[in-house]
Amino acid sequence: MSIAPEPTTSRGEITLQPGYFTSSLYIQPLRNDLTHLVTAFTDQYKDTAKPFELFKKLWQDRGWSWLHMRVYDGRARQYFLRMTYRIFIGKIYFPSTNPCLPPVVVERLTETHTPLERIVALFALYTFHMTQPSTSAPLISSEPYIAVPLGIISLIAVMHKLIVNPDTYEAILDLPSRLQGSPHSTRLRPYVVHVLTALLDAQAFHILPRSALRAQNPSVLPRELFVLEGQDPLAVIQATRPDGGAPPTSTIGPAKKKGRPSKRDKARKAKEAFASLQKYVDKNTVYLVDNAPFLPSGSPSSAAATGARVESTHVVLGHAPHTSLGNYLARKQDLINSVYVSDTPGQIDSAHSQAALRRANEAVYERLKQIDAIAAEKGLEVGGEGGEQTGLARVGRAVEELRQCSGSGAEGGILGLLEGAGVGSK
């Protein structure tokens, strides 16, 4: 949470920043206190003849009457009042994982809660709003309006008989009509009508666009989550959801320790890396035994007992691609035969084919030299690696053998590298 550069309090006094009232440090305890208030009213409601007097007694006994003394700074108090209104109204957004679906809305004053819970929330909203200090020295800032989203049912929705869920403002106004089912709810209807009438006469509601447009700031409460050291962030996210559902998909991992890793952590990570490498080597290593084809490839102990030389290699290198190698050799032989053997009288076609083969060899060699030059500019060595058996120098000798018609590369040049082209001459 950022710190305000210029608080309105005097120097040396401690003031709560606005970010505190949008964080889980304030939002979650306030939700819990409201839940306890609803539970206490529900437990004692059936034994009383005056429901609002019971609510007023619980409000005072549980210290709610002192809530306005939480903060005096004007900037922080504005956030304090607005966020408290939102908790009483219960406007909480949880975006759906499907972008085509509207966000899931959990309302204290809508049909997702029982009528009694909604009535207690309405009483709390009314009491908190109407008891703001108005005569104090020095003056304490107050919030004259309660921001409430209004869901406008469009003419198109009415014409096509679409189902449109009511928003917060409609749900609040519709609350008295929902209290005609049971005798217990009917007793509360006059109190609800009086509270709504008082709020409407005072023009206390400030209408906002519908909830799906997220006109309130912040759109999600709490906006900041306070996570203790060593606490699982996913558990904190789940605890802040009033519906108790599973947290949304997140990439948050386990909590990390602050500061540099200790020697014990480094040693533990090194052991884990070595164990992982050892498993990989054991899984992908095959043993090759010279002059002992009857021994299984995976039994070096039996090979050592016979005195045979044991070598290990990767599993891919231990199994030569015989099928693809045979196909390559067959196709290469067909190409060489078509170059050096002519079906028509004369040597014109054969000469042209041989010239084309030489040009192809020289073009490949030039391209490899260009690649080697680019690698040298970047500080890499490609063509010179491998000694005399491999590398760019051997390719050049194979091309020269084709040009002079001598050596292992006399017929194919680069095509004869597998047969030893470019090895004999230097």
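Further up the page is the structure itself.
The following refers to the structure shown. Values in this document were obtained by computation on a predicted structure and should not be read as measured data.

### Let's talk about the overall build of the protein chain
- Within the protein chain, the secondary structure is distributed over 15 helices and six strands.
- When burial is assessed residue by residue, the protein chain has 33% of its 426 residues classed as buried.
- Here the contacts in the protein chain between residues at least 6 apart in sequence split such that 60% fall between residues at least 24 apart.

### Here's the deal with the pattern of salt bridges
- Going through the model one piece at a time under the given rule, you end up with eleven salt bridges.
- Ionic pairing is found between Arg-268 and Asp-265, a salt bridge with its closest N-O pair at 3.9 Å. Placement of the pair is Arg-268 and Asp-265 together in helix α10 (residues 263-284), with a separation of three residues, close to one helical turn.
- With a relative accessible area of 41%, Arg-268 lands in the partly exposed category.
- We classify Asp-265 as buried; its relative accessible area is 15%.
- The partner of Arg-268 in a salt bridge is Glu-272, with the nearest N and O atoms 3.4 Å apart. On the criterion of helical spacing, the pair formed by Arg-268 and Glu-272 is a turn pair, its members being four residues apart in helix α10.
- Residue class for Glu-272 comes out partly exposed when judged on its relative accessible area of 46%.
- Linked by salt bridges that have partners in common, Asp-265, Arg-268 and Glu-272 make up one network.

### Overview of a nonpolar patch on the surface
- Taken together, the side chains of Leu-325, Tyr-328, Leu-329 and Leu-418 define a hydrophobic patch exposed on the protein surface, amounting to about 350 Å² of accessible area.
- Within the element layout of this structure, Leu-325 appears in helix α13 (residues 322-340).

### Quick look at helix α15 (residues 392-404)
- Along its 13 residues, α15 runs 19 Å from first to last C-alpha, staying within 8% of the 18 Å computed at 1.5 Å per residue.
- Among the residues of α15, those classed as buried are Leu-392, Arg-394, Val-395, Gly-396, Arg-397, Ala-398, Val-399, Glu-401 and Leu-402.
- Where α15 ends, the next residue or the one after it, Cys-405, has phi of about 55°, a positive value.

Quick notes on the rules
Residues numbered from 1 in each chain as written. Predicted model: local features only at pLDDT ≥ 70, side-chain atom pairs only at ≥ 80, totals over all residues. Heavy atoms only, no water. Helix = DSSP H or I, 4+ residues; strand = E, 2+ residues; numbered from the N terminus. Buried < 20%, exposed > 50% of the residue type's maximum accessible area, 1.4 Å probe, protein only. Contact = heavy atoms within 4.5 Å. Salt bridge = Lys/Arg side-chain N within 4 Å of Asp/Glu carboxyl O. Patch = residues over 30% accessible without salt bridge, like charges linked within 9 Å, V, L, I, M, F, W, Y side chains within 5 Å. Areas by Shrake-Rupley, 256 points an atom, 1.4 Å probe, with all protein chains shown as cover. Expected span 1.5 Å × (residues − 1).

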